[in-house]
Amino acid sequence: MMVWPSLPKEYNKLSEKEQERLQQDTEKVGEELRKTLQKIPQRVRKAREKVQKLNRQVALFAVGSLIDELLLESEEFPRVISYLKALQQDIVDHAELILQAASGQDEGVSDIISDPDEIDPQSAILRRYSVNLLVDRSDSEGAPVIFEDHPAYPYLVGQIEHESQYGNLVTDFTLIRSGALHRANGGYLVIDVRKILIEPFAWEALKRALKSREIDAKSIAQAYSLIGTVSLEPEPVPLDVKVVLIGDRLYYYLLMEYDPEFLEHFKVAADFEDDMQRSDENMLQLARLIASIVRKEELKPLDRSAVARIIEESSRNVGDAQMLSTRMRRIADIVREAHYWATRNDNSVIGTDEVLSAINMQQRRMSRIRDRLLRETLRNTILIDSEGETPGQVNGLATIQLGNFMFGHPVRITASLSLGSGKVIDSEREVELGGPIHSKGVLILSSFLASHYVTDRPLSLSASLVFEQSYGPIEGDSASAAELCALLSTLAQAPISQSVAITGSVNQHGQIQPIGGVNQKIEGF
C-alpha cells in the first residue's frame, strides 16, 4: 500500500530519492489512465455498432417478410422492385433512429426528417415512408376516359402544392398532385378546345407533353421564376394517351392555319353534320334520345303528340322539312321546360300544349326587338302597306338573328328611275351599310337587266334601289328578287300588290333561287 503526501510541505520533507520515485509512479499512473480513457470511445463505438447491427438485423427480420411479399407481387414492374429494395435498405439503415422516435427521443431524429418543427418526429418518419398515390384505378375497368372541364395548366399536367410554415413556403413529395393527363394516361382525354386555348400556358403544355410523351409536373411559378422558394422537380411520367379536342369547326381551321405543330399531334378530324335526314329510323332515334333525357333527369313522360311536336321543332330549327337538327341542347331545354308546364298544370304526362308553351315562352323571352318592330309597324312609324297597289314599291322580307332566336319582319323596298348611264345604284352600298353578298346580288340584278333589255346599246337611264327606313347593316342576297320586281315595276309603270311580300335571290338568267329563314320570314309578314 502506498501513501501519497497530501501537502507540499510533506512532499518537500521527502528525500530526493523518494521524490523521484513518487514522480515516476505518478507518470506511470497518468499513462495508464490516458490509455484507458483513449480506449473508452472505441469501446463505446464498438458497442454502439453492435447495437446498430443488432437493430438492423431486427429491422430486417421485421420488414423483410413484408417487403418480400410485395416483391413477389411486383415482379412485372422493375422500377417498383427497385423502390421496394431501396425502401427496405433505408428502413434498416435508420432503424435506431426510428426506435428513438417511437420511444419519444428526439435526439438524432432530425437527420432523416426535413422539418422537425413541423410535426412530431414519429409522424415525420411515417411521412417519410408514405406513398403519394397520384391515380387510383383499383375500381375501374378498361381504358380510362377523362373529360377535363377546366383544362388550366395545373389541372392538366399536375401541380406541386406548398405549405406555409413560419412565413416560408415548403413542400415535399406528398404535396404533388396529379393532372388530367395522369388520370387519362393509358386511355383517352377529352378537352373543349376553346377552354384550353383561353387558359394561359395550357395549350403549349399539352403539345409539349404529347411531343415528349412525358408528363413533366412543373409549376408555372418555377418554370418562369416567379417565386424564389425551393421546390421539387418530379421525375417525368411516361405518357400514352389519346387526346380528343371537341368544339366548333372554326377552331380546327384556325389552328390548322396558324399553328404549325397542330397537325403533328392531331391528325384525325371528324366534322359532324348539323343536320340529318328525317327518316323513320332517325325520328325513332330522336324519340329514344328524348326518352333517355326524361329518365336521366326524372322528368314527366311525353305522349306521342308531344314527341311529334318536338320532332317538328327540330326540323324547324334546321330550316328544312326533310331534315332534323343534330343540335340537341335546344331539344333538351324544350323537354325540361315542358316538364315545368306539365307540373304547373297538374298533368302527369307532357302533351302538345306543354311543348307549345315551352316553345312560345322561349321565343317570348327573346322577342323584345321583334315586338317593338311590330308595334312601330302597327303605329305607322315604320311604313308598310298591306293593301292597294303601287308601282316601284314592294314588300321585302328580312331576318334578324339574336343569339339562338331568329325572326323575320317586312321591309319596304323602292326603286326609282332617271336618265343616266344605265347603272343601278344600290343606296345601301353607297353609304357602306350593304354587305358584300348584298352588293353582289345587286350587281347580278344589273347584269340580268343589261342582258335582257336593250342588248344592242347602253341603257340611257339609271336606277336607284333603297331599303326604306333601314338604319343598320344589310347582308344577304335574298332580297334581290324583290329588288328586281321593284325595278321592273318602275320600268313598266306596272303597280305591285302590297298585300304580298317577296323573298328569294335571283341569278343572271332571272331564275329564282332558294333562301334561308323561310318560316321566320312568312311568320314575320
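In this text, all values refer to a predicted model and were calculated from it rather than measured experimentally.

*Asks:* Outline the pairing of strand β13 (residues 393–402), supporting the account with residue identities and numerical values.
*Replies:* The side chains of a regular strand alternate between the sheet's two faces. In the sheet, β13 pairs with strand β14 (residues 405–419) via 10 bridges, with the strands oriented antiparallel. Its bridge partner being in β14, A398 is matched across the sheet by H409. Counting the residues between successive antiparallel strands, the hairpin from β13 to β14 contains 2 residues, one of them, G403, with a positive phi of roughly 65°. Direction of pairing for β13 relative to strand β18 (residues 501–502): parallel, over a ladder of 2 bridges. If you follow N395 over to β18, its bridge partner there is A501.

*Asks:* Can you tell me about the packing of helix α13 (residues 280–297) against helix α14 (residues 304–318), naming the residues and giving the values?
*Replies:* Taken N-terminus to C-terminus, the directions of α13 and α14 make an angle of 115°; their axes are 10 Å apart at the nearest point. As judged from the angle between their axes, α13 and α14 are roughly perpendicular. Of the two possible hands of crossing, α13 and α14 adopt the one that is right-handed. Two secondary-structure elements touch here, α13 through M283, L286, A287 and I290 and α14 through V307, I310, I311 and S314.

*Asks:* Tell me what's going on with the sheet that holds strand β1 (residues 145–148), and back it up with residues and numbers.
*Replies:* Spatially, 3 strands are ordered β1-β6-β9 in an open sheet, and the strand pairing comes out parallel. Only two strands of the sheet have a single partner each, and these edge strands are β1 and β9 (242–246). The sheet shows a mean angle of 20° between the axes of neighbouring strands, direction not considered. Pairing geometry for β1 and strand β6 (residues 188–192), over 4 bridges, is parallel. Looking at the pairing, E148 lines up with I191 of β6.

*Asks:* Outline the packing of aromatic side chains, supporting the account with residue identities and numerical values.
*Replies:* Within the structure shown, the criterion is met by 7 aromatic pairs. Of the aromatic side chains, those joined through ring pairs into one cluster are W203, Y252, Y253, F262 and F266.

*Asks:* Any chance you could break down a positive patch on the surface for me, citing the residues and the numbers?
*Replies:* Taken together, K35, K39, R43, R45, K46 and K50 make up a surface patch of like positive charges. By the secondary structure assignment, R45 is in helix α2 (residues 16–73). A residue is classified by how much of its surface remains accessible, and R45, at 46% relative accessible area, is partly exposed.

*Asks:* Give me the lowdown on the confidence of the model for the protein, citing residues and values where you can.
*Replies:* Looking at the protein, pLDDT values average 83 and 88% of them are 70 or higher. Mean pLDDT values over the elements of the protein span from 66, in helix α1 (residues 8–13), up to 95, in β6.

*Asks:* Give me the lowdown on a nonpolar patch on the surface, citing residues and values where you can.
*Replies:* Taken together, V145, F147, Y188, V244 and I246 make up a surface patch of nonpolar side chains, about 460 Å² in accessible area. Contributing elements (two or more residues each) for the nonpolar patch: β1 and β9. Relative to the assigned elements, F147 resides in strand β1. Take F147: its relative accessible area is 45%, and that puts it in the partly exposed class.

*Asks:* Give a detailed account of the pattern of salt bridges, specifying residues and quantitative values.
*Replies:* A full pass over the atoms with the stated rule returns 21 salt bridges. For the salt bridge of D271 with R249, the shortest nitrogen-to-oxygen distance reads 3.0 Å. Of this pair, D271 sits in the loop between α12 (262–265) and β10 (275–277) while R249 sits in helix α11 (residues 249–258), placing them 22 residues apart in sequence. Classification of D271 by relative accessible area gives exposed; the value is 52%. Looking at R249, the relative accessible area reads 32%, which means it is partly exposed. A salt bridge links R336 to D333, with the nearest nitrogen and oxygen atoms 2.9 Å apart. Of this pair, R336 and D333 both sit in helix α15 (residues 329–344), 3 residues apart, roughly one helical turn.

*Asks:* Go over helix α9 (residues 202–212) with me, naming the residues and quoting the values.
*Replies:* Those residues of α9 that fall on the buried side of the exposure criterion are A202, W203, A205, L206, K207, A209 and L210. Two residues or fewer past α9, R213 is found with a positive phi of approximately 55°.

*Asks:* Outline the nonpolar core, listing residues and values.
*Replies:* In this structure, L156, L181, L189, L206 and V241 are the most contacted members of the largest nonpolar core, which totals 24 residues. If one sorts the elements of this core by residue count, α9 sits on top with 6 residues. Leaving out residues up to four positions away in the same chain, L189 has contacts with I146, E148, L156, A180, L181, A184, V241, K242, V243 and V244. Counting residues in hydrophobic clusters, the runner-up holds 22 residues, among them L286, I290, L324 and I334.

*Asks:* Which residues make up the side chain of T174, and what values go with them?
*Replies:* By the secondary structure assignment, T174 is in the loop between β4 (168–170) and β5 (176–177). Note on T174: relative accessible area 16%, which makes it buried. Setting aside anything within four residues of it in sequence, one finds T174 in contact with R127, S130 and N132.

*Asks:* Any details on the environment of E376? Residues and values, ideally.
*Replies:* Within the secondary structure, E376 sits in helix α17 (residues 368–378). Among all residues touching E376, those that are not within four sequence positions of it are T381 and I382.

*Asks:* Just give me the short version of the environment of S315, but keep the residues and values in it.
*Replies:* Looking at the element boundaries, S315 is found in helix α14. Among the residues examined, S315 registers a relative accessible area of 4% and is labelled buried. In sequence terms S315 and T326 are 11 residues apart; their C-alpha atoms lie 9.9 Å from each other. Beyond its immediate chain neighbours, meaning those up to four positions away, S315 contacts R278, D320, A321, M323 and L324.

Scoring rules and cut-offs
- The residue count restarts for each chain, going from 1 along the sequence in the order it is written.
- Given that the model is predicted, a residue must reach a pLDDT of at least 70 before its local features are reported, and side-chain atom pairs must reach 80 or more before they are shown or counted; all residues, however, enter totals for whole chains, interfaces and linings.
- Here the side-chain values reflect all heavy atoms present in the structure, with hydrogen atoms and water set aside.
- Only when DSSP finds a minimum of two bridges between them are two strands counted as paired.
- Helix numbers and strand numbers start at the N terminus; a helix is a DSSP run of H or I with at least 4 residues, a strand a run of E with at least 2.
- Throughout, an axis means a line fitted to C-alpha atoms (over the contacting stretch in the case of helices), and angles, computed between N-to-C directions, take values from 0 to 180 degrees.
- Under this scheme an angle from 65 to 115 degrees is roughly perpendicular, one under 35 degrees roughly parallel, and one over 145 degrees roughly antiparallel; angles in between are oblique.
- If you view the pair so one helix is near and one far, a crossing is left-handed when the near helix is turned anticlockwise from the far one by less than a right angle, and right-handed when it is turned clockwise.
- By definition, residues are in contact when any of their heavy atoms lie within 4.5 Å.
- Ring geometry is summarised as follows: Phe, Tyr and Trp rings, the Trp one being its six-membered ring, pair when their centres sit within 6.5 Å, and such pairs are stacked at plane angles under 30 degrees, edge-to-face over 60 and tilted between the two.
- Two joining distances apply to patches: 9 Å for like charges and 5 Å for nonpolar side chains (Val, Leu, Ile, Met, Phe, Trp, Tyr), and every residue must have over 30% relative accessible area and no salt bridge.
- Areas reported as accessible are Shrake-Rupley estimates using a 1.4 Å probe. Residue values count occlusion only from the protein chains shown.
- Salt-bridge detection follows one rule: a side-chain nitrogen of Lys or Arg within 4 Å of a carboxyl oxygen of Asp or Glu.
- Neither His nor the chain ends contribute to the count of charged residues, in which Lys and Arg are positive and Asp and Glu negative.
- To locate a charge, take atom NZ for lysine, CZ for arginine, CG for aspartate or CD for glutamate.
- Under the scheme applied here, a residue whose accessible area is under 20% of the maximum for its type counts as buried, over 50% as exposed, and between as partly exposed, the area being computed with a 1.4 Å probe on protein chains only.
- For every residue, the predictor assigns a confidence score, pLDDT, that lies between 0 and 100.
- Among the buried residues, those of types Ala, Val, Leu, Ile, Met, Phe, Trp, Tyr and Cys that are joined through side-chain atoms within 4.5 Å form a nonpolar core.

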